[in-house]
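Residue-level listing of the chains:
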Amino acid sequence: MFIPLQKLKEYALSFGVQLDDTALERFDIYGKLLAEWNEKINLTAITDPEGIALKHFADSLSVLRYCEIPEEARIIDVGTGAGFPGLALLISRPDIKLTLLDSTKKKLGVIEDILKNIGLEAEILHSRAEEAGQNKLYREKFDIATARAVANLRELSEYCLPFVKPGGRFVSMKAAKAGEEIDGAEKAITVLGGKTESIHNFELFEAGERNIIIIKKISPTIAKYPRPSAKIAKNPLE
Ligand code: SAM
């Protein structure tokens, strides 16, 4: 056993998530592979088993406490990196139809290896979010878009909201002091067809403050968004 599985089980339970033996075994394999791959590719600064259990796995699972995920929901994790929160959500909810998007190909190679080893399937999408959001195969096709540690909420909304079907949700995970960032993104969220539905501030045990922002898609996104990356960076929506 690599990950402290009893602890992980308790963290998950605190979010109302029951992890069965299969899920726990998959988390253990995932954690071990993450630490191994991290010696070759820089994936994460957190490599100790306790840190992975709390700051990666439990943090990712906290989404389930605040956002109801319908059975077989189609979910895209934008800027997934080493799979957070998307792959952790898939382990706890193998019914979801998951797409893992990142612009860094080598990280997606690691995810492919992890998926193979834990025996689960997900779509791997190597693209910038701004480009995939203009592709009709992905635009407004998802019930939920998630993102953790990818960009400022204002830019991130332009990356993520175009993927979400009207009626669906964009779930943004932020660490401490997110208030100002949330205020600064309100206008962009409205322009992109979203509406902030709820903001959940909580302590992730000894890891400290976390925020989960749930944005509902209330109308389709205007065709010109997302704009090319240079435009988003130069001229953020405000
Ligand atoms: N979500 C993961 C986590 O919380 O551990 C990874 C976070 S990492 C700091 C940010 C990731 O977002 C990187 O893997 C990067 O390649 C990806 N990324 C940043 N901007 C992106 C964009 N515009 N489109 C796709 N991926 C992007």
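The following paragraphs examine the structure supplied in this document. Predicted model only: the values in this text are computed from it and were never measured. (Residues numbered from 1 in each chain as written. Predicted model: local features only at pLDDT ≥ 70, side-chain atom pairs only at ≥ 80, totals over all residues. Heavy atoms only, no water.)

## Observations concerning the pattern of salt bridges
As a reminder of what qualifies: By salt bridge we mean one thing: a side-chain nitrogen of Lys or Arg within 4 Å of a carboxyl oxygen of Asp or Glu. Where helices and strands are cited, they refer to DSSP runs of H or I of at least four residues and of E of at least two residues respectively, numbered from the N terminus. Partly exposed residues are those whose accessible area sits between 20% and 50% of the maximum for their type, while under 20% is buried and over 50% is exposed, using a 1.4 Å probe and protein chains only.
If you walk through the whole model with that rule in mind, you get 12 salt bridges. A salt bridge links Glu-197 to Arg-169, with the nearest nitrogen and oxygen atoms 2.7 Å apart. With Glu-197 in strand S6 (residues 194-203) and Arg-169 in strand S5 (residues 164-174), the pair connects residues that are 28 residues apart, well separated along the chain. Residue Glu-197 is classed as partly exposed on the basis of its relative accessible area of 39%. On the accessibility criterion, Arg-169 (24% relative accessible area) is partly exposed. Among the salt bridges present, the one from Lys-174 reaches Glu-181, with a minimum N-O distance of 2.7 Å. Judged by its relative accessible area of 22%, Glu-181 is partly exposed. When salt bridges with common partners are traced through the structure, they connect Asp-59, Arg-148 and Arg-210 into a single cluster.

## A closer look at the site of the ligand
The cut-off we apply is this: Residue proximity to a molecule or strand is established when one non-hydrogen atom of the residue lies within 4 Å of it. In protein, a polar contact means a hydrogen-donor-capable atom and an acceptor-capable atom, both N or O and within 3.5 Å, with residues adjacent in sequence counting only if both atoms are side-chain atoms; elsewhere, any N or O pair within 3.5 Å suffices. With residues, only the protein chains shown are counted as cover, and all accessible areas are computed by Shrake-Rupley using a 1.4 Å probe. The distinction between a cavity and a pocket rests on a 1 Å grid over the protein atoms alone: a 1.4 Å probe fits inside a cavity but cannot get out, while a pocket stays open yet meets protein on both sides within 12 Å along at least five of seven lines, and a residue with an atom within 4 Å of a point counts as lining. Grid points define the cavity or pocket, and a molecule sits in it when more than half of its atoms lie within 2 Å of them. Ten residues, namely Ala, Val, Leu, Ile, Met, Phe, Trp, Tyr, Cys and Pro, are considered nonpolar, four, namely Asp, Glu, Lys and Arg, are considered charged, and the remaining ones, Gly among them, are considered polar.
In the region of the ligand, 17 residues are neighbours, and Gly-79, Phe-84, Asp-102, Ala-129 and Arg-148 sit closest. Within the side chain of Glu-130, a nitrogen or oxygen atom sits 2.9 Å from a nitrogen atom of the ligand. Here the ligand has 600 Å² of accessible area as a free molecule, and 80% of this is covered by the chains. Judged by its atoms lying within 2 Å of the grid points, the ligand is housed in the largest pocket. Mapped by element, the contributors of at least two residues to the shell around the ligand are strand S2 (97-102) and helix H7 (129-132). Class assignment for the residues of the shell around the ligand results in 6 nonpolar, 6 polar and 5 charged.

## Re the packing of aromatic side chains
Our working definition: For Phe, Tyr and Trp, where Trp contributes only its six-membered ring, two rings pair if their centres lie within 6.5 Å, and the inter-plane angle classes them as stacked under 30 degrees, edge-to-face over 60, or tilted in between. Placement of a positive charge over a ring is assigned whenever Lys NZ or Arg CZ falls within 6 Å of the ring centre and within 35 degrees of the normal to the ring plane.
Considering all chains together, one arrives at 8 aromatic pairs under this definition. Relative to Phe-57, the ring of Phe-27 lies with its centre 4.7 Å away and its plane at 50 degrees, an arrangement referred to as tilted. In this pair, Phe-27 is assigned in helix H2 (residues 21-38) and Phe-57 in helix H3 (residues 49-61), connecting sequence segments 30 residues apart. Taken individually, Phe-27 and Phe-57 each receive the classification buried, so the pair is uniform in this respect. Note on Tyr-30 and Phe-57: the rings are 5.1 Å apart at their centroids and 40 degrees apart in plane angle, and the pair reads as tilted. In this pair, Tyr-30 is assigned in helix H2 and Phe-57 in helix H3, connecting sequence segments 27 residues apart. Using a relative accessible area of 0% as the deciding quantity, one classes Tyr-30 as buried. Every member of this aromatic cluster is reached through a ring pair, and the members are Phe-27, Tyr-30, Phe-57 and Phe-84. Just above the ring of Trp-37 sits the side chain of Lys-40; from NZ or CZ to the centre is 4.5 Å. Above the plane of the ring of Phe-142 lies Arg-74, whose end atom (NZ or CZ) is 4.3 Å from the centre.

## Focus on helix H9 (residues 179-191)
The following threshold applies: By definition, a residue's bend is the angle between the axes fitted to the seven residues ending there and the seven starting there. The criterion used for residue contact is that any of the two residues' heavy atoms lie within 4.5 Å.
Bending of H9 peaks at approximately 40 degrees at the position of Ala-185. Within H9, burial applies to Ile-182, Ala-185, Ala-188 and Ile-189. Contacts from the buried residues of H9 go to helix H8 (153-160), S6 and strand S7 (209-217). Immediately downstream of H9, the backbone of Gly-193 shows phi near 95 degrees, a positive value.

## Considering the layout of surface pockets
Operational definition: Grid points are joined across faces, edges and corners, and a volume is the space filled by probe spheres set on the points.
Here the largest pocket is characterised by a volume of approximately 440 Å³. Together, 22 residues line the largest pocket, and His-56, Phe-84, Arg-148, Ala-149 and Val-150 are the ones closest to its centre. Put simply, the parts of the chain that give the lining of the largest pocket at least two residues each are H3 and S5. Looking at the lining of the largest pocket, the element that brings in the most residues is H3, giving 3 residues. Looking at side-chain class alone, the lining of the largest pocket contains 9 nonpolar, 6 polar and 7 charged residues. Reported here for the second largest pocket is a volume of approximately 170 Å³. Among the secondary structure elements, those contributing two or more residues to the lining of the second largest pocket are S2 and H7. Taken together, the residues of the lining of the second largest pocket sort by class into 5 nonpolar, 3 polar and 3 charged.

Any functional reading would require information that these geometric values do not contain.
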